[in-house]
Amino acid sequence: MGKKVALSIIFILFVFTGCVASTVWKSTPTVQNAENEYYEAHLEPLTNGHKFFVSFRLSVTNRTRKNFEIDWNKTRYIHNGRTRGGFVFKGIKPEDIRNSTIPPDTILAGVPFSKVISPFTMLARPPLRDPGVETTESTIYPGILPTGENGILLVIRQNGKAVVQKITLMIVAQEVR
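Only a predicted model underlies this, so the values are computations on that prediction, with no experimental measurement involved. (Residues numbered from 1 in each chain as written. Predicted model: local features only at pLDDT ≥ 70, side-chain atom pairs only at ≥ 80, totals over all residues. Heavy atoms only, no water.)

Q: Account for the overall build of the protein, naming residues and giving values.
A: Per the secondary structure count, the protein includes two helices and 12 strands. Taken from N to C terminus, the helices and strands of the protein fall in the order α-β-β-β-β-β-β-β-β-α-β-β-β-β. Taken over 177 residues, the protein has a buried fraction of 33%. By sequence separation, contacts in the protein at least 24 residues apart represent 65% of the contacts at least 6 residues apart. Put simply, the protein shows about 11,000 Å² of open surface, and 57% of that area lies on carbon and sulfur atoms. (Helix = DSSP H or I, 4+ residues; strand = E, 2+ residues; numbered from the N terminus. Buried < 20%, exposed > 50% of the residue type's maximum accessible area, 1.4 Å probe, protein only. Contact = heavy atoms within 4.5 Å. Areas by Shrake-Rupley, 256 points an atom, 1.4 Å probe, with all protein chains shown as cover.)

And the structure:
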């Protein structure tokens, strides 16, 4: 009798373990490309070691003979067709975000540029136990990118002219059994 109970428990555990779903995050396409007469750009969602997407790798190659700049104060995160604030990245200062004084990145003529960026609105911050504790770059982490359309409204400036390009992709979370 004890042997039958033990085998039954093992069987039930085996069946329930097989029914546990895990979530797989996918991007369609895996890398979204956009190009115009000024540049070629690629946007790739990154997991940074997580099971879900938390940031993007933006790669831009300048196709012109003159340098241009990414205007981070005007470049916006897009989710489901709406802009949802700007982006943050390593080395950015909190006061630059607050004051909209994020320095531009200069992209040299013909030179590829790449940067890992995260939507500001998706940042994960640990709770502050002491109101006197100042939040630093090391206490702020990229948060989960939501499912749906995600992307960037990229603003490039060259000789005072703004070139705006929308680049989006679809993020889905699928349960796999």
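Q: Before we move on, could you go through the packing of aromatic side chains and cite the residues and values that matter?
A: Evaluated as defined, the whole model comprises five aromatic pairs. By way of ring pairs, the aromatic residues Phe-56, Tyr-77 and Phe-87 are connected into one cluster. (Phe/Tyr/Trp six-rings, centres within 6.5 Å; stacked < 30°, edge-to-face > 60°.)

Q: How would you explain the environment of Phe-113 if you had to name every residue and give the values?
A: In this structure, Phe-113 sits in strand E10 (residues 112-119). Note on Phe-113: relative accessible area 14%, which makes it buried. As a C-alpha pair, Phe-113 and Ser-59 span 54 residues in sequence and 5.5 Å in three-dimensional space. In this view, Phe-113 contacts Leu-58, Ser-59, Val-60, Ile-70, Asp-105 and Ile-107; residues no more than four positions away in its chain are not counted.

Q: Any chance you could break down the pattern of salt bridges for me, citing the residues and the numbers?
A: Within the structure shown, the criterion is met by six salt bridges. One salt bridge connects Glu-35 with Arg-63, and the closest N-O pair in it is separated by 2.7 Å. With a gap of 28 residues between them, Glu-35 in strand E2 (residues 32-35) and Arg-63 in the loop between strand E4 (55-62) and strand E5 (68-70) connect regions that are remote in the sequence. Salt-bridge contacts for Arg-157 lead to Asp-71; the nearest nitrogen and oxygen are separated by 2.8 Å. Placement of Arg-157 in strand E11 (residues 148-158) and of Asp-71 in the loop between E5 and strand E6 (76-79) is noted, with a sequence separation of 86 residues between them. Exposure remark for Arg-157: the relative accessible area of 31% places this residue in the partly exposed category. For Asp-71, a relative accessible area of 14% puts it in the buried group. A single salt-bridge network, built from bridges that share partners, covers Glu-35, Glu-40 and Arg-63. (Salt bridge = Lys/Arg side-chain N within 4 Å of Asp/Glu carboxyl O.)

Q: So, the side chain of Asp-71: which residues are in play, and what are the values?
A: A polar contact of 3.0 Å, which involves the side chain of Asp-71, links it to the backbone nitrogen of Asn-73. Leave out the neighbours within four places in its chain, and Asp-71 touches Val-155 and Arg-157. (Polar contact = N/O pair within 3.5 Å; in protein donor to acceptor, adjacent residues only side chain to side chain.)

Q: Describe the nonpolar core, naming the residues involved and giving the relevant values.
A: Formed by 30 residues in total, the largest nonpolar core has its most connected members in Tyr-39, Leu-58, Val-60, Ile-70 and Leu-154. When contributions to this core are tallied by element, the ones reaching two or more residues are strand E3 (39-46), E4, E5, strand E8 (87-88), E10, E11 and strand E12 (161-176). No other element matches E12, which puts four residues into this core. Beyond its immediate sequence surroundings of up to four residues, Val-60 is in contact with Tyr-39, Glu-40, Ala-41, Phe-68, Ile-70, Ile-107, Val-111, Pro-112, Phe-113 and Leu-154. (Core = buried A, V, L, I, M, F, W, Y, C linked by side-chain atoms within 4.5 Å.)

All quantities given are derived from atomic positions and should not be read as evidence of function.
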